[in-house]
Amino acid sequence: MIDALLREVFQKTRAVDVQTVVDHQMKSNAEEVSRRLRSAKAELDKSLRERDRLESLMLDAMDGTCVFTPEQLKRRLDRLEESIRQNSSTAETLKQELEDAEEKAVQFQQEHESLSCWADLYDKATTAEKKMICGHMIRRVEISRGYELQVEFTISEAQYLWGMEG
């Protein structure tokens, strides 16, 4: 039963064009994060321009040539500074998301190569070697009533989320 299950996993592994899956996942994820990053940067730029304008008005208010009081401008500047901090934080988080996505893609490719290697070895392996490969690939097996098996693999969920389940 386990042998058939492993062979099915190996067959799916061989059928996956890993570069297509990675490219598709990276493209869709990168487009969304890049869009959000552009939006955050645009908001940050807008806030920075507004801060410059308010600082100029603050100088005018101190000279007495502005209709706003320095206290009013200070309150607005304080709110704007908080907005700038949040937008900067959001931009940094989104940059990190892009980097993490690239790292996940590299990790996925490495895991796929490793799994492909195991698949090649499994076909030619002796019974003892097959047991070792099973021990490496299977984290846990549960047998429930009616001899129903539930197998937990050490294969990352990313492989299934990115297309191996099909």
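Our subject is the structure that appears above.
Everything numeric in this text was worked out from a predicted model, so none of it was measured.

Rules behind the numbers
Residues numbered from 1 in each chain as written. Predicted model: local features only at pLDDT ≥ 70, side-chain atom pairs only at ≥ 80, totals over all residues. Heavy atoms only, no water. Helix = DSSP H or I, 4+ residues; strand = E, 2+ residues; numbered from the N terminus. Buried < 20%, exposed > 50% of the residue type's maximum accessible area, 1.4 Å probe, protein only. Contact = heavy atoms within 4.5 Å. Salt bridge = Lys/Arg side-chain N within 4 Å of Asp/Glu carboxyl O.

## Comments concerning the side chain of Asn87
- Turning to its location among the elements, Asn87 is positioned in helix α3 (residues 70-124).
- Here Asn87 falls in the buried class, since its relative accessible area comes to 13%.
- Residues within four places of Asn87 in sequence aside, it is in contact with Ala40, Glu43, Leu44 and Ser47.

## Regarding the pattern of salt bridges
- For the structure on display, the rule yields 11 salt bridges.
- Residue Arg53 is joined to Glu50 by a salt bridge in which the shortest nitrogen-to-oxygen separation is 2.8 Å. Taken as a pair, Arg53 and Glu50 lie in helix α2 (residues 18-63) at a separation of 3 residues, close to a single helical turn.
- Accessibility expressed as a relative area gives 21% for Glu50, which makes it partly exposed.
- Among the salt bridges present, the one from Asp78 reaches Lys74, with a minimum N-O distance of 2.8 Å. With a gap of 4 residues between them, Asp78 and Lys74 both fall in helix α3, about one helical turn apart.
- We classify Asp78 as partly exposed; its relative accessible area is 37%.
- The structure contains a network of salt bridges with shared partners spanning Arg139, Arg140, Glu142 and Glu152.

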